[in-house]
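Okay, here's what each chain looks like letter by letter:
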Amino acid sequence: MMKRKQVENMLDLTGIEYRYHHFKEREAIDPPFIVWLVADSDNFAADGIAYYKIDKLNIEVYTDEKDFDLEEKIETILTQHDIYFDKTESFIESETMYEVLYEMEV
């Protein structure tokens, strides 16, 4: 299980502003930016306890335009940290921006 500081140290390598879960309204910034959160868990139980804890970590990357170079940078960082990830992409029409979602278990 990755601790908060470990996740944030990894995100620091992107050089992009990030927050846990959301940016407050008064601190809204222009893309690109990252929102990360622990969406769920998939713990392993033994003897009635959470014997091995596994968090499902989401890293959401928001950009005004499709940024292949940024995605490659983030994927390189995840790979360097030995993290397997799945990736999906969507366009948020109401915000006119792209969201690339990286999902992983840590």
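Residues numbered from 1 in each chain as written. Predicted model: local features only at pLDDT ≥ 70, side-chain atom pairs only at ≥ 80, totals over all residues. Heavy atoms only, no water.

1. Points about the overall build of the protein chain
Tallying secondary structure elements over the protein chain gives 2 helices and 7 strands in all. Reading the secondary structure of the protein chain in the N-to-C direction produces α-β-β-β-β-β-α-β-β. With respect to the three principal axes, the spread of C-alpha positions in the protein chain is 50 × 30 × 25 Å. Considering the protein chain as a whole, with its 106 residues, one finds that 36% of them fall into the buried category. Partitioning the contacts of the protein chain with sequence separation of at least 6, the portion at a separation of at least 24 is 48%. When the accessible area of the protein chain is evaluated, it comes to approximately 7,100 Å², of which 47% is carbon and sulfur surface. (Helix = DSSP H or I, 4+ residues; strand = E, 2+ residues; numbered from the N terminus. Buried < 20%, exposed > 50% of the residue type's maximum accessible area, 1.4 Å probe, protein only. Contact = heavy atoms within 4.5 Å. Areas by Shrake-Rupley, 256 points an atom, 1.4 Å probe, with all protein chains shown as cover.)

2. Points about the pattern of salt bridges
What the rule picks out here adds up to 7 salt bridges. Residue Glu 71 pairs with Lys 66 through a salt bridge whose shortest N-O separation is 2.6 Å. It is possible to trace a salt-bridge network through shared partners that takes in Lys 66, Glu 71, Glu 75, Lys 87 and Glu 89. (Salt bridge = Lys/Arg side-chain N within 4 Å of Asp/Glu carboxyl O.)

3. Concerning the side chain of Glu 71
Structurally, the position occupied by Glu 71 is in helix α2 (residues 68-80). Discounting chain neighbours no more than four positions away, the residues touching Glu 71 are Lys 66, Lys 87, Glu 89, Val 100 and Tyr 102.

4. As for helix α1 (residues 4-12)
Within the span of α1, buried status applies to Val 7, Glu 8, Met 10 and Leu 11. Buried residues of α1, seen end-on, are gathered within an arc of 160° and therefore sit on one face of the element. Of the surrounding elements, those touching the buried residues of α1 are β1 (18-20), β2 (33-41), β5 (55-63) and α2. (Arc of directions from axis to C-beta.)

5. Concerning the nonpolar core
With 21 residues, the main nonpolar core has Ile 34, Ile 59, Val 61, Leu 78, Tyr 102 and Met 104 as its most contacted residues. Elements that contribute at least two residues to this core include exactly α1, β2, β5, α2 and β7 (97-105). No other element matches the 4 residues that α2 contributes to this core. Other than its neighbours up to four places away in sequence, Leu 78 contacts Met 10, Ile 59, Ile 83, Phe 85, Tyr 102 and Met 104. (Core = buried A, V, L, I, M, F, W, Y, C linked by side-chain atoms within 4.5 Å.)

Note that every value here comes from positions in space, so none of it alone points to a role or purpose.
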